[in-house]
Structures are given as C-alpha cells and as structure tokens.
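Spelled out from the first residue to the last, the chains are:
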Amino acid sequence: MSNTTTSQSSRFKIVNYEDASPEVQAIYDDTKRTLQLPFVLNWFKCQGSNATLLNGNWTKLKSTLMMGDVPNVLKQLIIYKVSKERNCEYCAHAHGIFADSMSAMISDNPSFRATEDLESPLIPESFKTAIKIVTKAALHANQISDVDFKQLQEVGFDEGEIQELMAQADLVNMLNTLADVSGIKIDNELMEAQA
C-alpha cells in the first residue's frame, strides 16, 4: 500500500498543511513562525500523521536549537558538520542552507559562506573548537573526556553553554535518524531559496 501520492518519496506519509489536523496545523504554524519560513519543512510533514510525536520532537528541536545563549549559527554549523560526517543528505543540505544564510553573523564579507570552509580564518576559534568537540560527542559520545570540556572552557564557553552545545549532539542524532529512516528529500522551497 502506498504511503503517499506526493512527489516527495518518503517511507512515512507526507502530511501537507491543508490535510493536517487542527492540532498538527498549530504545530506547523509554530515551526514556520519560529524558523521564519513561509512553508513547512518535510522533516515535520513526515511526522504530521502523529501529533504526539511531532509535538515532542518540535518542542525538543525548538528548545535545543532555537533558544539559549549559544549563537544559532554555531548550532546550525554543528548540525551541518555532523550530518555531513554521517552522510545524512537531508540534514546536511537543510542546515547548510540555514547556516549559510547566517554567514553575515560571522563575517561581513558578502561572498563568505560558513559551510564552504569550517577551518576558515573568518570562523572564530571558539566556533571551530565547539564544532570539533560536539561532532565527536555526536559520533562517539563514549570518547568525550574532561579534556574536551576543558578545551570548551578555555575558548570561553561557560557551563550552561557547554550543556547547550552538548545538547546539539543529541539533537542532531535525532534529526539525522528521523530524516534517514523516513527517506525524505530536500524541500523544493529550500532549493529555490538557495538558488
């Protein structure tokens, strides 16, 4: 039995806004408002037939990625890097677009794109250290040591910020897992925005 008749191939039914329940539409509206997007991402739409799951995952994503003291551009670069390492095409592409759209927060050079060179001298050392250590935490959590925490402190992160950074390791694992198991494709709207 086919899960969906939309052009996106997904193992889970893609629930478009107009077909969603009022509860799911309210969550979709919150994702658009919070992410400042005029459309709902496929990552959310593939969960649209399960309001409880969608609500839980959105609440976690919103709290971990969109709130806190660590700059959002750094969080996006961490998710981009881990997703690239793990070959999660959807998340690497989407979060790469989000990170690049925030490149002006790092450099006022109009041609600078943060994802093109994560070792660029334009990227602060604190960001490079965080990206390296949180990527390690996401891919090999059992290898994180006190030395890693000390390095984060030495480049200026306080205890709360370090917790927030480490939460990105957990978040990206959830994002990658759902994107990969669902088989979602990158959103046409994101591709158009990038063009």
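The structure under discussion appears in the preceding block.
Please read these numbers as outputs of a predicted model, since none were measured by experiment.

Cut-offs used in this document
- Residues numbered from 1 in each chain as written.
- Predicted model: local features only at pLDDT ≥ 70, side-chain atom pairs only at ≥ 80, totals over all residues.
- Heavy atoms only, no water.
- Phe/Tyr/Trp six-rings, centres within 6.5 Å; stacked < 30°, edge-to-face > 60°.
- Helix = DSSP H or I, 4+ residues; strand = E, 2+ residues; numbered from the N terminus.
- Buried < 20%, exposed > 50% of the residue type's maximum accessible area, 1.4 Å probe, protein only.
- Salt bridge = Lys/Arg side-chain N within 4 Å of Asp/Glu carboxyl O.
- Core = buried A, V, L, I, M, F, W, Y, C linked by side-chain atoms within 4.5 Å.
- Contact = heavy atoms within 4.5 Å.
- 1 Å grid on protein atoms, 1.4 Å probe; cavity = no way out; pocket = protein on both sides within 12 Å on 5 of 7 lines; lining within 4 Å.
- Points joined across faces, edges and corners; volume = space filled by probe spheres on them.

Enquirer: I keep staring at the packing of aromatic side chains and nothing clicks. Help me out?
Expert: The full count for this structure, using the stated rule, is three aromatic pairs. Taking 6.3 Å as the distance between ring centres and 35° as the angle between the ring planes, the aromatic pair formed by tyrosine 17 and tyrosine 28 counts as tilted. Of this pair, tyrosine 17 sits in the segment before helix H1 (22-35) while tyrosine 28 sits in helix H1; the two residues are 11 residues apart in sequence, bridging distant segments of the chain. Its relative accessible area of 28% is what places tyrosine 17 among the partly exposed residues. Residue classification places tyrosine 28 among the buried positions, given a relative accessible area of 0%. Aromatic pair phenylalanine 44 and tryptophan 58: ring centres 5.3 Å apart, planes at 85°, arrangement edge-to-face. A residue pair is termed long-range when its members are at least 10 positions apart, and phenylalanine 44 in helix H2 (residues 42-45) and tryptophan 58 in helix H3 (residues 51-66) qualify at 14 residues. Phenylalanine 44 gets classed as buried once you look at its relative accessible area, which sits at 1%. Relative accessible area serves as the criterion here: at 3%, tryptophan 58 is assigned to the buried category. An aromatic cluster of three or more residues is present, and its members are Trp43, Phe44 and Trp58.

Enquirer: Help me understand the environment of serine 145, please; the structure alone is not making it clear to me.
Expert: Mapping serine 145 onto the fold places it in the loop between helix H6 (125-139) and helix H7 (146-154). Note on serine 145: relative accessible area 30%, which makes it partly exposed. It is 9.9 Å that separates the C-alpha atoms of serine 145 and isoleucine 133, two residues lying 12 residues apart in sequence.

Enquirer: Which parts of the structure should I look at to understand the pattern of salt bridges?
Expert: Oppositely charged side chains may form a pair once their charged atoms are brought near each other. Under the defined criterion, the tally for this structure stands at eight salt bridges. For lysine 81, the salt bridge goes to glutamate 85, with nearest N and O atoms at 3.0 Å. Remark: glutamate 85 and lysine 81 occur in helix H4 (residues 72-85); sequence separation between them is four residues, near one turn of the helix. Across the pair lysine 136 and aspartate 148 runs a salt bridge, and its minimum N-O distance is 2.9 Å. Separated by 12 residues along the polypeptide, lysine 136 in helix H6 and aspartate 148 in helix H7 bring together distant segments of the chain. Residue classification places lysine 136 among the partly exposed residues on the basis of a relative accessible area of 26%. Overlapping salt bridges bring together Asp30, Arg33 and Lys62 as one network.

Enquirer: Can you walk me through the nonpolar core in this structure?
Expert: One broad rule of soluble globular proteins: the nonpolar side chains tend to lie buried together. Ranked by internal contacts, the top residues of the largest apolar core, which has 62 residues, are Leu41, Trp43, Phe44, Leu74, Leu77, Tyr90 and Leu165. When contributions to this core are tallied by element, the ones reaching two or more residues are H1, H2, H3, H4, helix H5 (89-101), H6 and helix H8 (159-182). Considering each element in turn, this core owes the most residues, 10 residues, to H8. Filtering out sequence-adjacent residues up to four positions away, tryptophan 43 remains in contact with Asn57, Leu61, Tyr90, Met174, Leu175, Leu178, Ala179 and Ile184.

Enquirer: Is there a simple way to explain the layout of surface pockets in this structure?
Expert: It is a probe the size of a water molecule, rolled over the atoms, that shows where empty space is left. Roughly 290 Å³ of internal volume is contained in the largest pocket. Around the largest pocket sit 15 residues that line it, and Leu35, Gln36, Phe98, Ser101 and Met102 are the ones nearest its centre. If you tally residues by element for the lining of the largest pocket, the top one is H5, at three residues.

Everything listed is a geometric property; what it means functionally is a separate question.
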